[in-house]
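The chain contents come next:
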Amino acid sequence: MMERVLSARESVFLRFKRGDEVAFKFYFDKYYNNIVGFCVQFLHDEDKAKSVAQEAFIKLWLNREKVSKKTGIPAFLYTAAKSKCLNQIRHNKVVSKYKDFKLQEKEQQLNQEVLQALNFDSMNLTELKETIDKAIQDLPERCREVFIKRRIENKKNREIAEELGVSVKAVEANMTRAIKELNIKLAHYLSVFL
């Protein structure tokens, strides 16, 4: 009885290798939900996970002749899915950085438009920029480093802490101090906006 089951499975595998779509569907039905669940752990998005799983099966179908034994099918699927998930995560990071850059660019443009709407002439804009730059330069060294890394370089507190060899709490404390000092030094300009 056991011998007959093994030969039936072997038969499905051989038919799959020859391009039998019914045999392919057998493996699709058998592994699809597992591959989707595996991808969800990486992507935290079921729709994207389903898409990646489908791509893994397409890749399997196109490379079926290279799979030498039936145990190679799940190994192939998991490897292809994992590779695609990691590529997706890398892509998302690039897109996120680009969005952050574009958002910062738009924010600067809006700040410029606000100042112009308040009838600041270019002389006042230059003066304001110089005043802000000087206020930042006058901050205590660690506060200045933290402020520049956080607000200008858009780094996260944890990244800054690692770079400077301090705790996240120290980064937060320096950032709070920097903002407080800048608020005091730039109070005159802030009142113009209010």
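Calculation rules
- Residues numbered from 1 in each chain as written.
- Predicted model: local features only at pLDDT ≥ 70, side-chain atom pairs only at ≥ 80, totals over all residues.
- Heavy atoms only, no water.
- Salt bridge = Lys/Arg side-chain N within 4 Å of Asp/Glu carboxyl O.
- Helix = DSSP H or I, 4+ residues; strand = E, 2+ residues; numbered from the N terminus.
- Buried < 20%, exposed > 50% of the residue type's maximum accessible area, 1.4 Å probe, protein only.

Peer 1: Just to check I follow, could you spell out the pattern of salt bridges for this structure?
Peer 2: Here the idea is simple: oppositely charged side chains can pair when their charged atoms come close. If you walk through the whole model with that rule in mind, you get 11 salt bridges. Two residues, lysine 70 and glutamate 10, come together in a salt bridge whose shortest N-O distance is 3.4 Å. Of the two residues, lysine 70 sits in the loop between helix 3 (46-62) and helix 4 (72-117) while glutamate 10 sits in helix 1 (residues 2-17), which places them 60 residues apart along the sequence. Assessed through its relative accessible area of 29%, lysine 70 is described here as partly exposed. Overall, glutamate 10 belongs to the partly exposed group, its relative accessible area being 35%. One salt bridge in this structure joins lysine 50 and glutamate 46, with 3.7 Å as the shortest N-O distance. In this pair, lysine 50 and glutamate 46 both sit in helix 3, 4 residues apart, roughly one turn of the helix. According to the relative accessible area criterion, lysine 50 is partly exposed, its value standing at 33%. A relative accessible area of 48% means that glutamate 46 is categorised as partly exposed. Each of Lys149, Glu153, Lys155 and Glu163 takes part in salt bridges that share partners, so that together they form one network.

Peer 1: What am I meant to see in unusual backbone geometry here?
Peer 2: A negative phi angle is the norm for most residues apart from glycine, just as the trans form is the norm for most peptide bonds. In the Ramachandran plot, histidine 44 falls in the positive-phi region, its phi being about 55 degrees despite a non-glycine side chain. The residue histidine 44 is located in the loop between helix 2 (21-43) and helix 3 in this model. The backbone phi angle of asparagine 154 is positive, close to 60 degrees, even though this residue is not glycine. Within the fold, asparagine 154 resides in the loop between helix 6 (141-152) and helix 7 (157-164). Judged by its relative accessible area of 35%, asparagine 154 falls in the partly exposed class.

Don't take any of this as a statement about function, it's just geometry.
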